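Examining the three-dimensional arrangement
The chain contents come next:
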Amino acid sequence: MRNNSLGLDTQKTKELSIELNNLLANFQVFYQNLRGIHWNIRGKRFFDLHAKFEELYNDAQVKVDMIAERILTLGGTPFHTFHDYNENAQVPVGKDVSLDEEAIKLIVDSITVLLKIEREILDQSDEANDEGTNSMMSDFITEQEKTVWMMKAWLDEEI
Ligand SMILES: [Fe+2]
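Residues numbered from 1 in each chain as written. Predicted model: local features only at pLDDT ≥ 70, side-chain atom pairs only at ≥ 80, totals over all residues. Heavy atoms only, no water.

Overview of unusual backbone geometry
In the Ramachandran plot, D96 falls in the positive-phi region, its phi being about 55 degrees despite a non-glycine side chain. In this structure, D96 sits in the loop between α3 (82-88) and α4 (100-127). You will see that N129, though not glycine, has its phi angle at about 65 degrees, which is positive. (Helix = DSSP H or I, 4+ residues; strand = E, 2+ residues; numbered from the N terminus.)

Thoughts on the packing of α4 against helix α5 (residues 131-155)
Relative orientation of the contacting elements α4 and α5 amounts to 155 degrees, with a least axis distance of 9 Å. In terms of axis orientation, α4 runs roughly antiparallel to α5. With respect to the hand of their crossing, α4 and α5 are arranged in left-handed fashion. (Axes fitted to C-alpha atoms, helices over the stretch in contact; angles between N-to-C directions. Parallel < 35°, antiparallel > 145°, perpendicular 65-115°, else oblique. Left-handed = near helix turned anticlockwise from the far one by under 90°.)

So, the nonpolar core
By size, the foremost hydrophobic cluster in this structure holds 45 residues, and its most contacted members are L23, F27, F53 and I107. Sequence-distant contacts of F53, defined by excluding residues within four places in its chain, comprise L34, I37, H38, I41, A103, I104 and I107. (Core = buried A, V, L, I, M, F, W, Y, C linked by side-chain atoms within 4.5 Å. Buried < 20%, exposed > 50% of the residue type's maximum accessible area, 1.4 Å probe, protein only. Contact = heavy atoms within 4.5 Å.)

Notes on the packing of aromatic side chains
Inspection of every chain in the model, using the stated rule, returns five aromatic pairs. Aromatic side chains F27 and F30 sit 6.1 Å apart centroid to centroid with 75 degrees between the ring planes, which places their arrangement in the edge-to-face category. Here F27 pairs with F30, and both are found in helix α1 (residues 10-40), just three residues apart, close to one helical turn. Here the aromatic residues F27, F30 and F140 are joined through ring pairs into a cluster of three or more. The ring of Y57 has R35 sitting right over it, with the charged end atom 3.9 Å from the ring centre. Sitting over the face of the ring of F140, K63 holds its NZ or CZ atom 5.3 Å from the ring centroid. (Phe/Tyr/Trp six-rings, centres within 6.5 Å; stacked < 30°, edge-to-face > 60°. Lys NZ or Arg CZ within 6 Å of the ring centre and 35° of its normal.)

Worth remembering: the numbers are spatial, not functional.
Printed below as a string of structure tokens:
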């Protein structure tokens, strides 16, 4: 077992940066979903949803940057091309979504995928003793779970 300059296992750190790249790809698709619904949303709730989706994509953009810079901190290279994002993302792609319920459901479905990946990374970072990635994933999970609660409340559905 060899440790890097962070004091973390070199191999485990490399594996973590690969998983974080997968999360990055998924986040970028989520981000584009949010831009799409921000632009295309229609109906009587336009003004509040248009603003809410902007708030969410700004938040996603901050998280994207945090993930990419974590990958670099761990010695990896963050994906930055649409090709890599398309190849690696499992988040559903929302195209021309203009109905409010459909838009909110797209957010929930996207976050459900992100949460699953983040929990897998959390297990892995815990195992690698990587507290930096651990705490980042914990924060993301807590915030996104709260967003899911709010979206589900809006839909008037059970979590
Ligand atoms: Fe805008």
